[in-house]
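Notes for the structure review
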Amino acid sequence: MACSGLRVIVMGGSLGGLSAALFLRDAGCDVSVFERSRTPLAGRGAGIALNPATVRYFTLHETVAVSAISMPTRRVRYVGDDGGSAAEIEVPYRFGSYDVLYRGLMDAFGPAGYHLGRTVAGFEEDAEGVTVRMADGGVERCDLLVCADGVRSAARAWLAPDAQPEYAGYVAWRGTLSEREIDPRTFDLLRDTIAYRLMPDSHMLIYPIPEVGESLRGIERCVNWLWYRNVPRGPAFDALMTDQDGNVRDVSLGPGAVRPENVAALKRDAAAQLPQWLSDAIRRTGEPFIQAIMDCDVPRMATARVALIGDGAFVARPHAAAGTAKAAEDAWQLGLALRATGGDVPAALREWEPRQLALGRALVERNRRAGSRLQSGAWPVGAPLAFGLYAQGDSVMHWACQAGTA
Ligand SMILES: Cc1cc2nc3c(=O)[nH]c(=O)nc-3n(C[C@H](O)[C@H](O)[C@H](O)COP(=O)(O)OP(=O)(O)OC[C@H]3O[C@@H](n4cnc5c(N)ncnc54)[C@H](O)[C@@H]3O)c2cc1C
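Residues numbered from 1 in each chain as written. Predicted model: local features only at pLDDT ≥ 70, side-chain atom pairs only at ≥ 80, totals over all residues.

Description of unusual backbone geometry
- For Glu62, which is not glycine, the phi torsion reads 55 degrees and is therefore positive.
- Looking at where Glu62 falls in the secondary structure, it is placed in the loop between helix H2 (56-61) and strand S4 (71-79).
- Residue classification places Glu62 among the exposed residues on the basis of 9 C-beta atoms within 10 Å.
- Phi is positive for Ala321, which is not a glycine, with a value near 50 degrees.
- Relative to the assigned elements, Ala321 resides in the loop between strand S17 (306-308) and helix H9 (323-340). (Helix = DSSP H or I, 4+ residues; strand = E, 2+ residues; numbered from the N terminus. Buried ≥ 20, exposed ≤ 12 C-beta atoms within 10 Å, placed from the backbone.)

A few points about the packing of helix H1 (residues 15-26) against H9
- Orientation of H1 relative to H9, taken along the N-to-C sense of each, is 20 degrees, at an axis distance of 8 Å. Accordingly, the angle class assigned to the pair H1 and H9 is roughly parallel. In terms of crossing hand, the pair formed by H1 and H9 is right-handed. Of the residues in H9, those touching H1 at Leu15, Gly16, Ser19, Ala20, Phe23, Leu24 and Asp26 are Thr324, Ala327, Ala328, Ala331, Trp332, Leu334, Gly335 and Leu338.
- Of the residues assigned to the contact of H1 with H9, the class counts are 10 nonpolar, 4 polar and 1 charged. (Axes fitted to C-alpha atoms, helices over the stretch in contact; angles between N-to-C directions. Parallel < 35°, antiparallel > 145°, perpendicular 65-115°, else oblique. Left-handed = near helix turned anticlockwise from the far one by under 90°. Contact = placed C-beta atoms within 7 Å. Nonpolar A, V, L, I, M, F, W, Y, C, P; charged D, E, K, R; others polar.)

Some words on the packing of H9 against helix H10 (residues 345-374)
- Closest axis-to-axis distance for the H9/H10 pair is 9 Å, and the angle between their directions is 160 degrees. By the angle between their directions, the pair H9 and H10 is classed as roughly antiparallel. The element H9 and its partner H10 pack so that their crossing is right-handed. Between H9, through Lys326, Glu329, Asp330, Gln333, Leu334, Ala337, Leu338 and Ala340, and H10, the contact on the second element is made entirely by Ala348, Glu351, Trp352, Arg355, Gln356, Leu359, Gly360 and Leu363.
- Its residues placed into classes, the contact of H9 with H10 shows 8 nonpolar, 3 polar and 5 charged.

Structure representation (structure tokens):
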């Protein structure tokens, strides 16, 4: 194979890191993944709108049918003041969740080569390879280091110290509800619909996602909502992002970490500002959680033997629903470049970097524009959604809406 014997270390074992591990292993590389977390990752049930790039590994290898691990919708409904339909567009999307994607990629990669509880602490690059220093004192050597270490990437700080993620001025409150928890009429409506509610300074969306049981065969449908709310930087943001132990977080507060008074205020605001069936979904959510919305541009994604991918490079706001797709696309393109250069790492990274920089820049910019319109009442009711990786619209998944196709 093109890259036979090439040693690759992947820093970060989430969706971007696992995608890289799989595509580079396919190219013939010998891949080890080092993940900081001591326990297998879980995404708090968070929903992920799919793009063909997000599920490329599954469609190429047929390890699992995409139709079996995702939920289809056929229409977008803009919700009016009375809770009814203000406008509808017939367009098919598919929705997965962090947990099903992680499980599917992990099942494909297998436990050998995936190391939990191992934090990369630094690296030194020379002409022949990269020496990777671990926080536990270990030292590893590789030909290529792929850094998929997320929004607060240490690797980005080493390679591009001036590129700092910036808070966009609003947060996403999120929650999931099982069939048992939600009003049956809402559950029924969301069988094939994603609903949007636009407001002068916020917007909410709600859609079906899969809930994973013991295995990927035990998928059930549940519902995922997001309410994007403007929160100015400063005391209001700090008070919201202070967890139950009194620590101020800068990126996210997981389920159970949000202070009860902030959850109570969310539910009061929902009752006052949202149509009844949407506020009811929030009211019924036991442990809503929060993600601060960030942007980050990077001037570079590679040295001769180190690559930044996914949120470890550009961080895009979520309105195009393509962050995971971008991570997977960075990984796929890296595999193609390595194959094309016969495993010549510096040549592959020279070929790979400009295209991925262009993709990241365009996606960050498109999301900035969408976010500022969605959060200021300027997004037109009935307009096509911003979903898409390379362009608005490329997340439409006609092919996957037929039952039984992958
Ligand atoms: C509100 C919201 C909604 C979203 N909705 C969608 C959507 O619908 N569709 C979509 O495609 N995307 C969506 N996204 C984006 C998506 O969640 C991210 O872009 C994607 O998960 C990034 O994956 P990643 O692997 O690059 O980073 P991460 O998932 O952040 O993983 C980074 C990993 O690196 C590990 N790590 C960090 N430092 C080290 C170290 N020093 N050593 C070893 N390991 C380390 C971490 O523990 C972590 O596991 C959304 C994002 C938000 C905030």
